[in-house]
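# Breakdown of the fold
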Amino acid sequence: MSENNIMQVEIYRFDPELDKKPRMQDYQVDLNKVPGKMLLDVMMYIKDHQDDTLTFRRSCREGVCGSDGVNINGKNGLACITQLVDLPKKVILRPLPALPVIRDLVVDMAQFYNQYEKTEPYLQNNEELPTKERLQSPEDRAKLDGLYECILCACCTTACPSFWWNPDKFLGPAALLQASRFIQDSRDTHTQERLEKLSDPFSLFRCQGIMNCVSVCPKGLNPTKAIGAIRNMMIALEA
Amino acid sequence: MSSVVTREFDVVVVGAGGAGLRAALELAASGHNVAVISKVFPTRSHTVSAQGGISAALGNVQPDDWRWHFYDTVNGGDYLVDQNAAEYMCRVAPQAVIELEHMGLPFSRLEDGKIYQRPFGGHTSHFGGQPVNRACAAADRTGHAMLHTLFQKNLQAKTNFYSEWFALDIVKSKTGDVAGVTALCIQTGETVFFKARATVFATGGAGRIFSATTNALINTGDGLGMALRAGFPVQDMEFWQFHPTGIAEAGCLITEGARGEGGYLLNKNGERFMERYAPHLKDLSCRDVVSRASMIEIREGRGAGPNGDHVLLKLDHLGTDVIEKRLPGIRELSITFAGVDPMKDPIPVVPTCHYMMGGIPTNIDGQALTVDNSNHDQLIAGLYAAGEAACVSVHGANRLGTNSLLDLVVFGRAVGITLTNQLAEGLAMPEVEDSAIEQALVRVNRWNNSTDGGNDPETIRLAMRKIMQEDFGVFREENAMQSGLAKLKKLHADLQNATLKDKSNVFNTARIECLELDNLMDVALATAASAANRKESRGAHSRFDYTERDDKNWWKHTVYFADDKFAFRPVNMQPTHVDVIPLQARAE
Ligand SMILES: Cc1cc2nc3c(=O)[nH]c(=O)nc-3n(C[C@H](O)[C@H](O)[C@H](O)COP(=O)(O)OP(=O)(O)OC[C@H]3O[C@@H](n4cnc5c(N)ncnc54)[C@H](O)[C@@H]3O)c2cc1C
Ligand code: SF4
Ligand code: SF4
Ligand code: FES
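All values reported here derive from a predicted model rather than from experimental measurement.

What chain A contains, in helices and strands, is eight helices and seven strands. When the backbone C-alpha atoms are referred to their principal axes, chain A occupies close to 65 × 40 × 30 Å. Across chain A, every contact between residues at least 6 apart in sequence was considered, and the portion connecting residues at least 24 apart equals 64%. Entry remark: accessible area of chain A is about 10500 Å², with carbon and sulfur atoms responsible for 52%.

Structural data, given as structure tokens:
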């Protein structure tokens, strides 16, 4: 290991009890002392050994729970699966954009969850239940791949210009991906109602196809494609 | 009047993982006023990480029978399993899993449209015969699919969620029953007394007591800490499962489903060593067996890598298709954390702390128990537990893969059903004195008022994890355990004089970590004391100095109280729908 392996980390700081306005704070971290090779390991190292007031969310530390979405050198991503070797020696960390900051890197996710809940993200089926499982062909099940894996990290929605302008009316890529997860499910009987609920000018149609969402999704999902598929179904419905 | 705000509910569920959400769903759907408190947003709970599957004898691939599943569970648990509980779990399993499908869980499918099932370690047909496909899976993201589905159904049922609220301590009623918990709103720092007719602990595991673990950072045993501090016991805490395939150094798990799909372990010589240790089930033997084998390979100098400190999991022969369809998440984890693409190269793996078999003792209705001075079970009025935090005991001395997700839904559901019935019959709202609420705030107040210059919590945490890793790992021995236990007691004393520097009220995660450390320490002490006390080897508890199972002296559950007092409970041998499996040597 090289002797001089210092990373300079500049972090957005704001504690409403202490700070009138946000500020940026510099930390120097000797990477040789950090156990682990992810950005989250550096953040935890700072918290554990340099400044216990540094505040961020984390849980699984393996990219499956969606807690630690942050803005890393201008791009949204999950700290726990961002490799240190892929980062320059100076890193700027900010909270996810477009959502109110609670403290430091922790944002208020309420608006994001509201939009998710608006899509009625649960299977709806009023047919009589069979005593065994409902059958679903592997082909029908395959339609859910790329949709059900979303971890609700909000990296996509907070990178979406259409959401920035209309955070209360445009559902945003994550919620629309969820809408699609149920629209595509062969077991859901509310397809038509679901499509109708999305047909106003804002909920879905504010998507400009800019694909910021796709470029940041840490799970490699493609909300733009899902939104396109919903559009096509709406057109088919009208025809 | 106490200045603390009180909120009243029929039921307060602490924990929004699989167990808590399944219990809450049952109750909310039957119209009760339920609050679910979770220190993280529900879908960030640890259940989301579960990969391989949930077991149920659906028989979708080959014939299967819940009685075979029952046998495997009892045998795999090295005969410390309560047979009435295992019977209940295995018998209800098919229905519980089909309910999940009906809720919308996106299971993978077989050609005929039924739920996909894969083989897993220790699951056999005909009482120890050939491996059977019993693990129902959504690719290798079964926990994610399950947790999201249960959360979504709770949204539909309008469950009250208190997300990012941290439960502090148990509040007792005038009669000594459990009356609810105090909790801290993480965002604002406000403390509230959540008062309820019944309180359910579904707070999950505590793998963070070890340095190397597959567990999430939030798995800190809070429910057990709260129970112990309230004078209630924990059971079988010496039994911790070490999973054979944690990614070396990182700790992240590679599901046993990878071996279920046909992967196998190699030592540095390229030998498939499990053939030597377990000629019948080989790489699909129980986890304790495979972990011990790997550790012996490493100790005897056949470990792989420059330091000879791990073994290798080979998957490339499965082919692109199987890996892409059945193990996509594993491939992702392996590339990210080990820098290895399993389509080409084997993954470096090492036995890693994974699962807590012990927990708060309960009956099969999920009601928590204690043991009185004459060694009789006593129900703890007002307290229930389910999931990894509970010990009902279906896992005994070693859990079978996929039996935990099953445990969550079966006993989460059972708690829900029990409480629905009890509420219908009338459960009283407990009467509580202000001093009892104040008592349950003493701990958080201590941290809030701690002055500069005390001990450093992080130093204590690191030391604790190191002791657990070195002295209470896969293999154990008296001297190391006694010295480890003594060091832990010293650390516990140091912790009482530790300092929380950050005193902010707003989203103070340093404070949460200190509160979690109290719980970790209580769990570590319970584990260490129980392990040193049990002088035999059984299941996951493996001693160099007592290498054999000793049924004459140790065929019993350990019950541990915080004041270092022990009691014991007999193993239940009364299943009602199936013949009891007599005590016998464990089959491979
Ligand atoms: C990587 C991995 C893979 C696994 N794969 C499988 C598998 O394939 N099959 C299987 O059967 N098992 C598997 N397991 C085991 C299984 O996932 C866990 O045992 C199970 O998910 C635990 O669920 P739970 O509901 O008991 O708790 P958790 O899911 O851990 O949830 C605990 C909840 O309690 C809350 N909580 C805790 N403390 C507090 C507090 N103080 N205040 C407020 N809330 C609190 C948390 O916020 C959380 O909501 C796996 C485990 C790991 C680590
Ligand atoms: S493609 Fe649509 S949803 Fe995605 S970032 Fe662009 S506008 Fe937003
Ligand atoms: S679609 Fe991707 S980026 Fe968006 S919330 Fe889901 S996982 Fe995160
Ligand atoms: S901590 Fe869970 S996604 Fe990063």
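Text resumes after the structure shown.
The next thing to look at is the interface of chain A and chain B. Each partner contributes residues to the interface: chain A has 62 residues there, and chain B has 66 residues. In total, chain A and chain B occlude about 5000 Å² of area from one another, counting both sides; carbon and sulfur atoms represent 51% of this. Inspection of the region where chain A meets chain B yields six salt bridges. E513 of chain B is the salt-bridge partner of R58 of chain A, the closest N and O atoms lying 3.5 Å from each other. The interface formed by chain A and chain B contains 38 residue pairs in polar contact (both at pLDDT 80 or more). Counting residues per element, the ones that place at least two in the side of chain A that touches chain B are α1 (39–49), β6 (101–103), α2 (110–118), α3 (138–142) and α5 (173–183) of chain A. Its residues placed into classes, the side of chain A that touches chain B shows 30 nonpolar, 12 polar and 20 charged.

Before going further, it helps to spend a moment on the nonpolar core. Core analysis: the biggest nonpolar cluster contains 133 residues, and L93 and L198 of chain A together with V11, I54, L100 and M146 of chain B have the highest contact counts within it. Counting residues per element, this core draws most heavily on helix α3 (residues 83–103) of chain B, which supplies 11 residues. Counting contributing residues, this core receives three or more from each of domain 1 (3–107) and domain 2 (110–238) of chain A. Once residues lying within four places of it in the same chain are set aside, the contact partners of L100 of chain B are I54, L105, F107, M146, T149, L150 and V409 of chain B. With 88 residues, the next largest nonpolar core counts I102 of chain A together with I170, M237 and A524 of chain B among its residues.

Attention now moves to the packing of aromatic side chains. Applying the stated criterion to the full structure yields 17 aromatic pairs over all chains. Judged by centre distance (6.0 Å) and plane angle (15°), the ring pair of F9 of chain B and F194 of chain B falls under stacked. Residue F9 of chain B is located in strand β1 (residues 5–14), and its partner F194 of chain B is located in strand β9 (residues 191–201); the two are separated by 185 residues in the primary sequence. Under the relative-accessibility criterion, F9 of chain B is labelled buried at 6%. Ring geometry for F273 of chain B and Y277 of chain B: centres 6.2 Å apart, planes at 85°, overall edge-to-face. Judged by relative accessible area, F273 of chain B falls into the buried class, the value being 0%. Site record: aromatic cluster; members linked through ring pairs are F112 and Y113 of chain A together with F41, F151 and F161 of chain B. Positioned over the ring face of F182 of chain A is R181 of chain A, at 4.1 Å from the centre of the ring. Geometry around Y116 of chain B places R326 of chain B over its ring, the cationic atom sitting 3.9 Å from the centre.

Next up on the list: the site of ligand 2. Residues and elements named next belong to chain A. C160, S162, P173, C207, Q208, G209, I210, M211, N212, C213, T224 and I227 make up every residue found near ligand 2. Every element with two or more residues in the shell around ligand 2 is listed here: α7 (212–216) and α8 (223–238). The class makeup of the residues in the shell around ligand 2 is seven nonpolar, five polar and no charged.

Given 3.6 residues per turn, any residue in an α-helix points the same way as the ones three and four places further on. Residues and elements named next belong to chain B. The buried fraction of helix α5 (residues 222–229) amounts to seven of the eight residues, a majority that puts the element mostly inside the structure. Turning to α5, its buried residues are D222, G223, L224, G225, M226, A227 and L228. G231 occupies a position one or two residues after α5 and carries a positive phi of about 90°.

This part covers the packing of helix α14 (residues 457–471) of chain B against helix α15 (residues 478–495) of chain B. Residue and element names in this part refer to chain B. Contact geometry for α14 and α15: axes closest at 10 Å, N-to-C directions at 165°. It follows from the interaxial angle that α14 and α15 lie roughly antiparallel. For the pair α14 and α15, the crossing hand works out as left-handed. Two secondary-structure elements touch here, α14 through I460, A463, M464, I467, M468 and D471 and α15 through A480, M481, S483, G484, K487, L488, L491, D494 and L495. Of the residues in the contact of α14 with α15, the class split is 10 nonpolar, two polar and three charged.

Rules used throughout
- Residues numbered from 1 in each chain as written.
- Chains lettered and ligands numbered in written order.
- Predicted model: local features only at pLDDT ≥ 70, side-chain atom pairs only at ≥ 80, totals over all residues.
- Heavy atoms only, no water.
- Helix = DSSP H or I, 4+ residues; strand = E, 2+ residues; numbered from the N terminus.
- Contact = heavy atoms within 4.5 Å.
- Areas by Shrake-Rupley, 256 points an atom, 1.4 Å probe, with all protein chains shown as cover.
- Buried area = accessible area lost by both parts, 1.4 Å probe.
- Salt bridge = Lys/Arg side-chain N within 4 Å of Asp/Glu carboxyl O.
- Polar contact = N/O pair within 3.5 Å; in protein donor to acceptor, adjacent residues only side chain to side chain.
- Nonpolar A, V, L, I, M, F, W, Y, C, P; charged D, E, K, R; others polar.
- Core = buried A, V, L, I, M, F, W, Y, C linked by side-chain atoms within 4.5 Å.
- Buried < 20%, exposed > 50% of the residue type's maximum accessible area, 1.4 Å probe, protein only.
- Domains from an automatic or database assignment.
- Phe/Tyr/Trp six-rings, centres within 6.5 Å; stacked < 30°, edge-to-face > 60°.
- Lys NZ or Arg CZ within 6 Å of the ring centre and 35° of its normal.
- Near = heavy atom within 4 Å.
- Axes fitted to C-alpha atoms, helices over the stretch in contact; angles between N-to-C directions.
- Parallel < 35°, antiparallel > 145°, perpendicular 65-115°, else oblique.
- Left-handed = near helix turned anticlockwise from the far one by under 90°.

Interpretation note: all reported values are geometric properties and have no functional meaning in isolation.
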